[in-house]
Amino acid sequence: MRTVSRWSVSKWILALGAAAAVTAGASPSWAQQTIRVGWTIPAEESKYWMMRRPAEFPNLGKTYNIEWTQFQGTAPMTQALAAGALDCATQAPLSLANGVVGGNLKAYIVAQHVFEKPGGFSVYWAVMDDSPIKTIADLKGKTVGISVIGGGTQGPFNLLLKQNGVDPAKDIKLVEVGFAVSEDALRQGRVDAVNMNQPFAARAEAKGGTRKLFSLSQAMPNIVHILEACRADFVDKNPEVVKAYVRDITSGMKKALANREETLKVVNEVLKAPIPVLETYLLKDNDFGRDPGAAPNFPAIQKMLDIYAETGMLPKLDAAQFKHPTIVAPLE
């Protein structure tokens, strides 16, 4: 299992292309049996189950194999999909749409991982308790951290800033700070405000000394955060393999929701977050929402695309272009 940072993704794509040239003579059956999958943290429990409990998935390793590669966010995975270096990957609606517009990516949304449900957890920006920053408008001239520039959270983040008179391109210094190190960056003064996601938000809240400035739900309720998308050409050439993968994504979601105790262990193994921290939120009311069959919410995705178009972030796009007629969760 490999890890790819945003900055090394271009070199990695080139290297993978060279490797593909070497293996071009491999048999077609081998190519059809392996899916190159990108993943990230957090909130991909169905995929974590597949990684850590493969024996629970009879088709995995038999009907097909997975080559897992970890990324630091959805935007670099979009680049890898567009370059043909990945077959399927975690995506945010904005990242996927940018791949379509800027990279001629054609893809299908085959499943959904998490969304923001009313009353549940919403990604938020935190400041220190003693910070003079009291409102979004106070961010002018400040250094603000975001998990990945161009990633899924930046769309509603930009909207909120603009609604409060802050130009996200000119009025702040935006820097990339991964979720795992966001708390440290804030406490050490490297940023004035930073985004918080679970489980790192729960850990920071338990320590105290920080406060929530704003959350994404203020800009866009019911945000669909992360999806599973596969390149259209790969799906069209390998429909049965992708069906097997989507069946396992569906099954993985069901296992994650049905056996919380085991899911805590699985997520602990992947995220290295202590189980007592995970216990405070994971799959509780203060967590993200998850569809029990991993079904994509296409109407909500369309609404997000419409808002991006209205604010000039994207041209108008139809979410229907991402829906395969038969290969979409839930699949039994």
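As a reminder, the structure under discussion sits directly above these lines.
Residues numbered from 1 in each chain as written. Predicted model: local features only at pLDDT ≥ 70, side-chain atom pairs only at ≥ 80, totals over all residues. Heavy atoms only, no water.

Student: Tell me about the overall build of the protein, residues and numbers included.
Tutor: Helix and strand content of the protein: 13 helices and eleven strands. Every one of the 332 residues in the protein was classed for burial, and the buried ones make up 55%. Relative to all contacts within the protein whose residues are 6 or more apart in sequence, the contacts with residues 24 or more apart total 77%. Carbon and sulfur atoms provide 53% of the accessible area of the protein, an area that totals close to 13800 Å². (Helix = DSSP H or I, 4+ residues; strand = E, 2+ residues; numbered from the N terminus. Buried < 20%, exposed > 50% of the residue type's maximum accessible area, 1.4 Å probe, protein only. Contact = heavy atoms within 4.5 Å. Areas by Shrake-Rupley, 256 points an atom, 1.4 Å probe, with all protein chains shown as cover.)

Student: Please provide a residue-by-residue account of the packing of helix α5 (residues 93-103) against helix α13 (residues 298-310), values included.
Tutor: Between α5 and α13, whose axes approach to 10 Å, the crossing angle comes to 65°. In this structure, α5 crosses over α13, and the sense of that crossing is right-handed. For the pair α5 and α13, the contacting residues are Pro93, Leu94 and Ala97 in the first and Ile301, Met304, Leu305 and Tyr308 in the second. Of the residues contributing to the contact of α5 with α13, the split by class is seven nonpolar, no polar and no charged. (Axes fitted to C-alpha atoms, helices over the stretch in contact; angles between N-to-C directions. Left-handed = near helix turned anticlockwise from the far one by under 90°. Nonpolar A, V, L, I, M, F, W, Y, C, P; charged D, E, K, R; others polar.)

Student: Kindly report on the sheet that holds strand β9 (residues 193-196), identifying the contributing residues and their values.
Tutor: Sheet architecture is open: five strands sit in the order β8-β7-β9-β6-β10, paired in mixed fashion. The open sheet has two edge strands with one neighbour each: β8 (173-176) and β10 (210-215). Direction aside, the axes of adjacent strands within the sheet are offset by 30° on average. Sheet topology places strand β7 (residues 143-146) next to β9; two bridges connect them, and they run parallel. If you follow Gly145 over to β9, its bridge partner there is Val194. Of the strands in this sheet, β6 (124-128), β7, β8 and β10 are in contact with helix α6 (residues 154-163), which crosses β10 at around 90°. (Pairing = 2+ DSSP bridges.)

Student: So what about the state of the cysteines? Which residues, and what values?
Tutor: Under the defined criterion, the tally for this structure stands at one disulfide. With a sulfur-sulfur separation of 2.1 Å, Cys88 is cross-linked through a disulfide to Cys230. Handedness here is read from the sign of the S-S torsion; for Cys88 and Cys230, about 105°, the answer is right-handed. Here Cys230 lies in strand β11 (residues 224-231) and Cys88 lies in strand β4 (residues 88-91), a separation of 142 residues in the sequence. The exposure classification of Cys88 matches that of Cys230, with both residues buried. (Disulfide = S-S within 2.5 Å.)

Student: If you had to explain the environment of Ala256 to someone new, which residues and values would you point to?
Tutor: Within the secondary structure layout, Ala256 lies in helix α10 (residues 239-258). Distance from Ala256 to Val266, taken between C-alpha atoms, is 9.0 Å for residues ten residues apart in sequence. Apart from the residues within four sequence positions on either side, Ala256 is in contact with Glu45, Trp49, Thr263 and Leu283.

Student: Describe the nonpolar core, with residues and values.
Tutor: Counting residues in hydrophobic clusters, the biggest one holds 66 residues, and the most contacted among them are Trp125, Leu139, Phe157, Phe214 and Leu305. Here this core takes seven residues from α13, the largest share from any one element. Once you skip the residues sitting within four places of it in the chain, Leu139 turns out to touch Ile133, Val144, Leu161, Asp171, Ile172, Ala193, Leu213 and Phe214. The next biggest cluster of nonpolar side chains, apart from the first, holds 43 residues, and it includes Trp39, Tyr64, Ile327 and Ala329. (Core = buried A, V, L, I, M, F, W, Y, C linked by side-chain atoms within 4.5 Å.)

Student: For unusual backbone geometry, give the residues involved together with the corresponding values.
Tutor: For the bond from Gln198 to Pro199, the omega torsion is 5°, close enough to zero to count as cis. Mapped onto the elements, Pro199 comes out in the loop between β9 and α8 (200-207). The residue Ala43 is not glycine, and still its phi comes out positive at about 70°. Position of Ala43 among the secondary structure elements: in the loop between β2 (34-39) and α3 (45-52). On the basis of relative accessible area, Ala43 is assigned to the buried category, the value being 7%. Of note, the phi angle at Asn104 is positive, near 55°, even though the residue is not glycine.

Student: Outline the pairing of β6, supporting the account with residue identities and numerical values.
Tutor: For β6, a buried count of four out of five residues is recorded, marking the element as mostly surrounded by other parts of the structure. Where β6 and β9 come together, three bridges link them in antiparallel fashion. Looking at the pairing, Ala126 lines up with Val194 of β9. The sheet contact formed by β6 and β10 spans five bridges and is antiparallel. What sits directly across from Met128, in β10, is Thr210.

Student: Lay out the pattern of salt bridges in plain terms, naming residues and giving numbers.
Tutor: Going through the model one piece at a time under the given rule, you end up with 19 salt bridges. The closest approach of N and O atoms between Lys47 and Glu228, which form a salt bridge, is 2.8 Å. One end of the pair, Lys47, is in helix α3; the other, Glu228, is in strand β11, with 181 residues separating them in the sequence. Assigned by exposure class, Lys47 and Glu228 land together as buried. Here Arg260 ties to Glu279 by a salt bridge, and the two come within 3.1 Å at their closest N and O atoms. Linking Arg260 in helix α11 (residues 260-271) with Glu279 in helix α12 (residues 275-279), this pair joins segments that are 19 residues apart in sequence. On the basis of relative accessibility, which here comes to 22%, the residue Arg260 falls in the partly exposed class. Taking the relative accessible area as the measure of exposure, Glu279 reaches 30% and is therefore partly exposed. (Salt bridge = Lys/Arg side-chain N within 4 Å of Asp/Glu carboxyl O.)

On their own, these measurements won't tell you what the molecule is for.
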